[in-house]
Amino acid sequence: LPTAMLSAQPTGFNYDEAKVPAYTLPDPLVMADGTPVTSADQWPKRREEIMQLFLEEVYGKAPGKPEGLHFKVVEQSDDAVNGKATRKQVRVFFDVDETVAMDILIYLPKKSVEANKPVPTFLTLNFFGNHSISDDPAILLSESWMRSSKEKGVVKNRATEASRGASANRWPVEMIIDRGYGLATIYYGDIDPDFDDGFKNGVHALYDPPAKDGWGSLATWAWGLSRAMDYFETDGEIDAKRVAVFGHSRLGKTSLWAGASDPRFSITISNDSGCGGAALSRRAFGETVARINKSFPHWFCDNYLKYSDNEGACPVDQHQLVALIAPRSVYIASAEDDTWADPRGEFLSAVHAAPVYRLLGTDGIGGATEMPPVNKPIMHTLGYHIRTGKHDVTDFDWNAYMDFADRRWGK
Ligand code: GCU
């Protein structure tokens, strides 16, 4: 990785609010032909226009559910998380021949399972393998390609025993179980290894190489989340109608696209997702489209390259990504020191998506127009907080997500 990418504020980018260029956002409530959208029954048509633009110009089109999709429970126990949870590891095969697969690690509160109560569940992707979220020795050690990281115990692009629990600080498993929620997680590299190889590995191996409007890696990871949802619909222990899809950073970009492209997700959570996620591209604050296309050419479809240093020409901006999820709930979270991800731009996406939420009969973001003080979440159909601290996932974030889920799901 270029060293600049590792620091919180790479140089050569704008972090000054006064230098944000003047911009006009595309209006989610005006049809392509100029007709204003003034009633809820016009929304499906307008939504479809916006959806097509994101598919063609930003994330790229993914295939549907593969015919050969099937599942196998490869490990399970009813004694996990200090006796409070059940654990299940499910292998999701993407093809009949079982050449490509992802593993879902699932913890559910034992109380609910024993009472036959389907569990509302957080579905998440992780960066360093399922075994990195907890030191539970029964979690299968990932054998997939992984970004090398000394800190995470990854050696020569493979996990080692030292990788176990290496990311546990981001995953308060017991706290989640104690609050009655399930946690399901998947290593994102099982679906598509995160490097630019011309789409040969991961699930791409089963398909023709993507066209200019074909699925980039973000769309591919989101597709994997939909396949996890396919599994949930077959597992009576999970309440498939109450699934919150969560992701951090590039995986927060992914959760937003998953929420937009698959209406089965009840709640969508974006943690510090930044450029290509919740942040408005036209602000060009912190990370820009040009920079993200250069550093990560495989994340978006090739058509997105047209908008490098040319954000204003893109027919959509990221508030419309949030609007695509309406009227379902979205929670956007920022961190004060995460200027690279443009916290204000993340907040403004919710503000500019809110008119669509209101048109559809919800309270949107409760009329907020200014960012709330730090560590003071706003919770309406849309939720938002900016917490103190850096680009990360903390217990503060998780508590807010669970409070939001309590409200949304009436727990
Ligand atoms: C880089 C990248 C961001 C991304 C982040 C991450 O900082 O520029 O767009 O969100 O990595 O995924 O950790």
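Keep in mind that what you see is a predicted model, and the values were worked out from it rather than measured.

(A) Seen up close, the packing of helix α5 (residues 217-232) against helix α6 (residues 250-261). Two numbers describe how α5 lies on α6: the axes approach to 8 Å, and their chain directions differ by 60°. Judged by the angle between their axes, α5 and α6 are oblique. As for how α5 packs across α6, the hand of that crossing is right-handed. Only R250, L251, K253, T254, W257 and A258 of α6 make contact with α5, whose side of the interface consists of L218, A219, W221, A222 and L225.

(B) Here's a closer look at the pattern of salt bridges. This model, assessed by the stated rule, comprises 30 salt bridges. The closest approach of N and O atoms between R87 and D136, which form a salt bridge, is 2.9 Å. Within this pair, whereas R87 is found in strand β2 (residues 85-93), its partner D136 is found in the loop between β4 (119-126) and β5 (154-155), the two being separated by 49 residues in sequence. Take D136: its relative accessible area is 12%, and that puts it in the buried class. Between R387 and D272 there is a salt bridge, and its shortest N-O distance comes to 3.8 Å. Here R387 is found in strand β12 (residues 382-387), whereas its partner D272 is found in the loop between β9 (267-271) and α7 (289-295), with 115 residues between them in sequence. Of the two residues, R387 and D272, both sit in the buried class.

(C) Quick peek at the layout of surface pockets. By volume, the largest pocket amounts to about 1100 Å³. If you go around the largest pocket, you meet 41 residues; those closest to its centre are R170, H248, S249, R250 and H391. Sorting the residues of the lining of the largest pocket by element identifies β4, β8 (238-248) and α6 as the ones contributing at least two each. Among the elements that take part in the lining of the largest pocket, α6 stands out by supplying 3 residues, more than any other. For the lining of the largest pocket, the class distribution of residues is 16 nonpolar, 12 polar and 13 charged. In this model, the second largest pocket occupies a volume close to 480 Å³. In terms of lining residues, the second largest pocket is bounded by 21 residues, among which A101, S142, E143, S144 and D190 are the most central. Considering only residue class, the lining of the second largest pocket consists of 9 nonpolar, 7 polar and 5 charged.

How each quantity is defined
- Residues numbered from 1 in each chain as written.
- Predicted model: local features only at pLDDT ≥ 70, side-chain atom pairs only at ≥ 80, totals over all residues.
- Heavy atoms only, no water.
- Axes fitted to C-alpha atoms, helices over the stretch in contact; angles between N-to-C directions.
- Helix = DSSP H or I, 4+ residues; strand = E, 2+ residues; numbered from the N terminus.
- Parallel < 35°, antiparallel > 145°, perpendicular 65-115°, else oblique.
- Left-handed = near helix turned anticlockwise from the far one by under 90°.
- Contact = heavy atoms within 4.5 Å.
- Salt bridge = Lys/Arg side-chain N within 4 Å of Asp/Glu carboxyl O.
- Buried < 20%, exposed > 50% of the residue type's maximum accessible area, 1.4 Å probe, protein only.
- 1 Å grid on protein atoms, 1.4 Å probe; cavity = no way out; pocket = protein on both sides within 12 Å on 5 of 7 lines; lining within 4 Å.
- Points joined across faces, edges and corners; volume = space filled by probe spheres on them.
- Nonpolar A, V, L, I, M, F, W, Y, C, P; charged D, E, K, R; others polar.

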